[in-house]
Amino acid sequence: MDAFIAETPFFTTEQRNLSISVAGFVGREIETRSVEEEQEGQETDASFRAYLKVLAEADLLRYAIAAPGGRIDVRSLCLIREALSYASPLADLAFVMQGLGTYPLSLAAPEHLRDFWLARASQGQAIAAFALTEEEAGSDVAGIKTTARLEGDAYIIDGSKRFISNAGLADFYTVFARTGTREDGRAELSAFVVGARMPGFSVRSRTEMLASHPIGEIEFKGCRVPAEDMIGREGDGFRLAMQTLDTFRASVGAAACGMAGRALDEAITYAKKRRQFGRALSEHQLIQEKLADMMTELDAARLLVYRAAYLKDAGVARVTREASEAKLFATEAAWRIVDSALQIHGGAGLVRGSRVERLYRDVRALRIYEGTSEIQKLVIASQLLQE
Ligand SMILES: Cc1cc2nc3c(=O)[nH]c(=O)nc-3n(C[C@H](O)[C@H](O)[C@H](O)COP(=O)(O)OP(=O)(O)OC[C@H]3O[C@@H](n4cnc5c(N)ncnc54)[C@H](O)[C@@H]3O)c2cc1C
């Protein structure tokens, strides 16, 4: 077992056992597919679906999907994300999007929606998406322009969203739209479940990103959604979106740790093997310094991630600051660790398709999505100033 998991006090026996079985699963089912994913230039959607299938067969998706009321074991979520990201960030995406896209439903959707979508999502039969971001609403979601207006027994949704993971793959989208204006002039948001086949819904385009990631723009043109498909009540949208992001925030840090752990392992292997100036790179002290810094930063990141996850699981009322610290530090540290791993590889690290070159592209998005590093700093400071 990973010494960090065995020796730190954050985990139950069940979670430690889960980490062992997930490591075995990743070795058997994910690692080889991840190599093929790059070598054969497989299409992203096909790889994504293949990962989702094996995750469902191993009954792991249920760890991403919360029970009614939003109960979820955040430590298990983090352990699985870390293990998947070590081998394939795309497999991690297939796992976590089922959770992110369904969490508002677990929190507040009426029974008919939960029964229908949660069961399918946990069996990998339906793919979920979380649709919040728009052209004018990135960090500041109050800028949302997509509207939902009540007409008889349905809401009519008009507008568009961008940077929506799983656009074009998803069977259903949890969509946040403006249903009014609050007294302070900011948008009043509400959340809806929109099926991918509903008339008036379309995928406008797919967006090519730095790394393999199914993502794109979606559009609503007079899309008629039954009022009973609203999640929670009118005006609950902002709270549901923030609760979802708060719950999953530490797990983005866990994904970062998985990528950083892989980068460190690749760097150690390469530094021992590659010889320059008559000895292995690992015998040069400047390389040793890099490895020492990488290890220390990775340990610090994992401590912050699993502290936040532990506190959330322990039922601490607010872990906003801890979760933001975990996401901020782990994603920034992972970026530095992957960069050092690439530096240790020299030119070989830049070769397209090499593991560290892939990590270099994959790790970058983590500092941007689910709240940029700058926004995490604002959150941490505002919590401090309130305390
Ligand atoms: C790979 C990927 C997947 C994504 N998946 C999804 C998804 O599934 N669903 C979804 O809804 N969205 C998704 N997003 C969108 C993501 O959440 C946004 O990109 C993110 O919130 C930032 O918004 P923005 O890109 O519009 O940047 P902006 O908000 O325009 O920010 C630009 C820059 O300004 C900084 N900035 C903004 N405000 C402040 C401030 N007050 N003080 C200081 N600096 C500030 C930001 O930190 C950033 O550096 C995804 C994005 C990526 C890259």
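Since the structure is predicted, the reported quantities are computational estimates derived from the model, not experimental observations. (Residues numbered from 1 in each chain as written. Predicted model: local features only at pLDDT ≥ 70, side-chain atom pairs only at ≥ 80, totals over all residues.)

Student: Please explain the overall build of the protein chain as it appears in this structure.
Tutor: Per the secondary structure count, the protein chain includes 11 helices and 10 strands. Radius of gyration (C-alpha) of the protein chain: 21 Å, near the 21 Å computed for a compact globule of 387 residues. A burial count over the protein chain gives 51% of its 387 residues as buried. Taking the contacts inside the protein chain whose residues are at least 6 apart along the sequence as the reference set, 74% of them involve residues at least 24 apart. (Helix = DSSP H or I, 4+ residues; strand = E, 2+ residues; numbered from the N terminus. Rg over C-alpha atoms; globule rule 2.2 N^0.38 Å. Buried ≥ 20, exposed ≤ 12 C-beta atoms within 10 Å, placed from the backbone. Contact = placed C-beta atoms within 7 Å.)

Student: I tried to follow the nonpolar core on my own but got confused; where do I start?
Tutor: Among soluble globular proteins, nonpolar side chains are generally buried collectively. By size, the foremost hydrophobic cluster in this structure holds 128 residues, and its most contacted members are Phe192, Ala256, Ala260, Ala301, Val305, Ala334 and Val338. At 18 residues, helix α7 (residues 237-273) tops the list of elements feeding residues into this core. If near-sequence neighbours (up to four positions away) are discounted, Val338 is found in contact with Met259, Ala260, Ala263, Val356, Leu359, Tyr360 and Val363. (Core = buried A, V, L, I, M, F, W, Y, C linked by C-beta atoms within 7 Å.)

Student: Would you mind going over the domain arrangement of the protein chain with me for this structure?
Tutor: Many descriptions give the size of an interface as the accessible area lost when the pieces come together. Domains assigned within the protein chain are domain 1 (3-122), domain 2 (128-235) and domain 3 (239-386). Placing a centre on the C-alpha atoms of domain 1 and another on those of domain 2 gives a separation of 24 Å. Each partner contributes to the interface: domain 1 provides 18 residues, whereas domain 2 provides 17 residues. Those elements that provide at least two residues to the side of domain 1 that touches domain 2 are α3 (44-57), α5 (89-108) and α6 (111-122). In terms of residue count, the dominant contributor to the side of domain 1 that touches domain 2 is α5 (10 residues). (Domains from an automatic or database assignment.)

Student: So what exactly am I meant to see when it comes to α7 here?
Tutor: For an α-helix the count is 3.6 residues per turn, leaving residues at separations of three or four pointing the same way. Across its 37 residues, α7 extends 54 Å between first and last C-alpha, which sits within 8% of the 54 Å expected from 1.5 Å per residue. Of all the bends in α7, the largest measures some 35 degrees and sits at Phe248. For α7, the buried fraction is high: 28 of the 37 residues fall into the buried class. (Expected span 1.5 Å × (residues − 1). Bend = angle between axes of the 7 residues up to and from the residue.)

Student: Even after reading the chapter, I still don't get the site of the ligand, so can you show me in this structure?
Tutor: Near the ligand lie 19 residues; those nearest to it are Gly138, Ser139, Ser165, Thr372 and Glu374. For the shell around the ligand, the secondary-structure elements that each account for two or more residues are β1 (128-131), β3 (154-165) and α11 (373-386). Here the shell around the ligand takes 3 residues from β3, the largest share from any one element. Counted by class, the shell around the ligand contains 11 nonpolar, 6 polar and 2 charged residues. Shared between two domains, the shell around the ligand holds at least three residues of each, these being domain 2 (128-235) and domain 3 (239-386). (Near = placed C-beta within 6 Å. Nonpolar A, V, L, I, M, F, W, Y, C, P; charged D, E, K, R; others polar.)

Student: I keep staring at unusual backbone geometry and nothing clicks. Help me out?
Tutor: When glycine is set aside, most residues are seen to have a negative phi, and most peptide bonds are trans. Non-glycine residue Asp59 carries a positive phi angle of around 60 degrees. Positionally, Asp59 belongs in the loop between α3 and α4 (74-87). A count of 11 C-beta atoms within 10 Å places Asp59 in the exposed class. Phi is positive for Phe163, close to 55 degrees, though the residue is something other than glycine. Inspection of the secondary structure puts Phe163 in strand β3. Of the residues examined, Phe163 has 20 C-beta atoms within 10 Å and is grouped as buried.

Student: What should I look at first to understand the packing of α4 against α5 in this one?
Tutor: To describe two helices that pack against each other, one gives the angle between their axes and the distance between the axes. Close contact between α4 and α5 brings their axes to 6 Å; oriented N to C, the two are set at 150 degrees. The angle between α4 and α5 places the two elements in the roughly antiparallel class. Here α4 contributes Leu77, Ile80, Arg81, Leu84, Ser85 and Ala87 to the contact with α5, which in turn contributes Pro89, Ala91, Asp92, Phe95, Val96 and Gly99. Partitioning the contact of α4 with α5 into residue classes produces 8 nonpolar, 2 polar and 2 charged. (Axes fitted to C-alpha atoms, helices over the stretch in contact; angles between N-to-C directions. Parallel < 35°, antiparallel > 145°, perpendicular 65-115°, else oblique.)

Student: Explain the packing of α3 against α5 to me, please; I cannot follow it from the model alone.
Tutor: Across the interface, α3 lies against α5 with an axial gap of 9 Å and an inter-helix angle of 60 degrees. When the axes of α3 and α5 are compared, the pair comes out oblique. Here the hand of the crossing between α3 and α5 comes out right-handed. Contacts between α3 and α5 pair Thr44, Ser47, Phe48, Tyr51, Leu52 and Leu55 from the former with Leu90, Ala91, Ala94 and Phe95 from the latter. (Left-handed = near helix turned anticlockwise from the far one by under 90°.)

Student: Is there a simple way to think about the pairing of strand β4 (residues 172-181) in this case?
Tutor: Looking down a regular strand, the side chains alternate between one sheet face and the other. Counting buried residues in β4 gives 8 out of 10 residues, a clear majority hidden from the surface. Pairing geometry for β4 and strand β5 (residues 187-195), over 9 bridges, is antiparallel. Bridging from a neighbouring strand, Ala177 pairs with Ser190 of β5. The turn linking β4 back onto β5 is made up of 5 residues, and Gly185 within it adopts a positive phi angle of 90 degrees. (Pairing = 2+ DSSP bridges.)

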